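# Residue-level structural notes
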Amino acid sequence: MADEGYLWYGAAHTSIGEVPFLDFQSYDPGRYYWAALWFKIFGNTNILTLRIAALLFLWIGLTCALLAVRHVTKSWGYLLIIGTLLMLWVYPRHKMFDISISMIAVYMVILLLDNPKPVRYVYSGIVVGLAAFFGSNHGLYAGVSVALASVYIFFKIDRTNSVKKMGSIGVGILIGYSPMLLMFAFVPGFFKRFVELIIWLFQLGDTNIPLPIPWPWRVDFAHLHTMEIVSGLIVGFLFLLVLLFPAAGAIHSFASKKTNIYLAASAFVGIPYAYVAFSRADLGHLAQGIYPLLLGACFWTLQYFKLSRVKWILCMTVMLVVSFLSIGRVQPLYQQIQAPPNAFVKFTQANNELWIDAYSANLITTVQHIQDEYLKQGESLFIAPHTPTLYPILDLKSPLWDIYLLFPETEDRQHQQIEELKLNNTALVILGDNALDGRDELRFRNTHPILWEYLSNNYEAIAVEALPPNYTVLRTLESTTR
């Protein structure tokens, strides 16, 4: 209802000509134009088409990862097992773009280390530029990875033509980032909005809302069930490995006379991607940052157990079991299988049947009834703060540029939001009062106090029995007195 809806809303509106960043709150534009392309091909903007688009992008990343593994083994059986391991960690599904880019980066760095000629520096720069088009953060991570590889090549492999190589990276970045550069040049207001968002992020001080790191020694042995304890310990040790593997791998690569370039590439990419895991230390972000570690572990087993198929299979079996006991337990299919009766229900959206949790199904159905009963033609509905999925389900445009009101907002921006609500004739509001992460300061009333006060003074509550208790429906006073 939250992050996937954030992507879905933007992709749907990109497909009808709106511009990410400029017309609505968004990630960087690349993933939206990718999804919009497949919306056009399939002729609809429903959630299944979005998931297919993300899955097709994942296929690119997975292909690159397995091509990298093919440099080490020609066994199709080994590739199948490693592919299964990589697929098991694809979570959450709307982050397939981010996961894919990390695998592509590992493959690109391997190619660079294997044959550091200028043309491969160009290719590396293209990957960096394209990564930035899909996410500025990924451009930074890929750039750091290529920079570490370039330093390694200079000191350990080839010191010639350094200026030419750096220039080749620069040319590649310009080529890869050219879609964004063209938008800067030819989409009025786009560059200004991009700069404003960068400044806002710096003022915010973080790109995410952090969580305590679940180190293994923090597992609550006294109150958790055995399986939860085992899962907690595994997750804790994986966070340690995500941090230690790239650091140790990079140090070993620079210090050793003979280096495994596949392990080195995994370590160089793993260093910046460790930040992803720790930026918000939950399983979803661990999954986004773990792929260099997974590939590094696979390269290590293929090297050290190449003479013993039994030992290799045993090691991979352990990795699969560890993965299942950690990320496997939060995957949607496992959640549905383990759920009590009626916890998940079939829900029809745009002629597609989906299995979703009963709470979300009830919320969607109730909001649809609210729309039918209270929203008049020409009026807008404002939904806040964490359920942007409702907009594409209801086939509505947000009256605000903001569609996911997560972070504390400035006074100036809140006054702008109020003006946008007025301009777009916002007559109906569905407002959730959720303490994100159990933190009262992250309730909407505390992150947007001026906007909250405006809504409280200019709208009145409507009683809707089927709505969850932490949600309120508001109707503007002007419309209720007509």
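What comes next concerns the included structure. None of the values given here were measured: they were computed from a predicted structure.

Criteria and thresholds
- Residue numbers here run from 1 along each chain, matching the order of that chain's written sequence.
- At least 70 in pLDDT is required for a residue's local features to be given in this predicted model, at least 80 for side-chain atom pairs to be given and counted, and no such filter applies to totals for whole chains, interfaces and linings, which use all residues.
- Side-chain calculation: all heavy atoms of the structure are included, whereas hydrogens and water are not.
- Numbering of helices and strands starts at the N terminus; helices are DSSP runs of H or I of at least 4 residues and strands are runs of E of at least 2.
- Burial status follows relative accessibility: with a 1.4 Å probe on protein chains alone, a residue under 20% of its type maximum counts as buried, one over 50% as exposed, and anything between as partly exposed.
- Whether two residues are in contact is decided by their heavy atoms: any pair within 4.5 Å suffices.
- Any two strands with at least two DSSP bridges between them are considered paired.
- The angle between two axes is taken between their N-to-C directions and runs from 0 to 180 degrees, where each axis is a line fitted to C-alpha atoms and a helix contributes only its stretch in contact.
- What makes a salt bridge here is a side-chain nitrogen of Lys or Arg within 4 Å of a carboxyl oxygen of Asp or Glu, nothing more.
- Candidate patch residues must exceed 30% relative accessible area and have no salt bridge, after which like charges are joined if within 9 Å and Val, Leu, Ile, Met, Phe, Trp or Tyr side chains if within 5 Å.
- Every accessible area reported is derived by Shrake-Rupley at a probe size of 1.4 Å, with residue values counting cover from the shown protein chains alone.
- In these notes, a set of buried Ala, Val, Leu, Ile, Met, Phe, Trp, Tyr and Cys residues joined through side-chain atoms within 4.5 Å is what counts as a nonpolar core.
- To estimate the expected span of a helix, subtract one from its residue number and multiply by 1.5 Å.

### A few points about the side chain of Thr14
Take Thr14: it is sitting in helix α1 (residues 3-14). Using a relative accessible area of 6% as the deciding quantity, one classes Thr14 as buried. Not counting residues within four places of it along the chain, the set of residues in contact with Thr14 comprises Pro20, Phe24, Tyr32, Tyr33 and Ala36.

### Some details on the sheet that holds strand β6 (residues 471-476)
Within the open sheet, the four strands sit side by side as β3-β4-β6-β5. Their pairing is mixed. Each having just a single partner strand, β3 (380-384) and β5 (459-462) make up the two edges of the open sheet. Averaged over neighbouring strand pairs, the angle between their axes works out to 25° when direction is ignored. Pairing of β3 with strand β4 (residues 426-432), which is carried by five bridges, proceeds in the parallel orientation. Bridged to Phe382 within β4 is Val429. With respect to the sheet, helix α21 (residues 449-458) is in contact with β3, β4, β5 and β6, its orientation differing from that of β5 by roughly 75°.

### Remarks on the pattern of salt bridges
Evaluated as defined, the whole model comprises 19 salt bridges. Where Arg51 meets Glu4, a salt bridge forms, and the shortest distance between an N and an O atom there is 2.9 Å. Here Arg51, found in helix α3 (residues 47-70), pairs with Glu4, found in helix α1; they are 47 residues apart in sequence, far enough to count as distant.

### A short note on a nonpolar patch on the surface
The grouping of Leu37, Ile41, Phe42 and Ile52 at the surface amounts to a nonpolar patch, some 360 Å² of accessible area in total. Here the nonpolar patch gets three residues from one element, more than from any other, and that element is helix α2 (residues 30-42). Following the sequence through the fold, Ile41 ends up in helix α2.

### Here's the deal with the nonpolar core
A general tendency of soluble globular proteins is for nonpolar side chains to be buried together. Core analysis: the largest hydrophobic core is formed by 150 residues, its most contacted members being Trp89, Leu113, Leu286, Phe382 and Leu455. Counting residues per element, this core draws most heavily on helix α5 (residues 96-114), at 15 residues. Once residues within four sequence positions are removed from consideration, Leu286 is found in contact with Trp89, Val235, Leu238, Phe239, Val242 and Ala277.

### A few points about helix α10 (residues 190-204)
The periodicity of an α-helix, 3.6 residues per turn, causes residues three or four places apart in sequence to face the same way. Along its 15 residues, α10 runs 21 Å from first to last C-alpha, staying within 8% of the 21 Å computed at 1.5 Å per residue. Buried residues along α10 sit against α7 (136-156) and α9 (178-186). Directly after α10, the chain includes Gly205, whose backbone phi takes a positive value near 90°.

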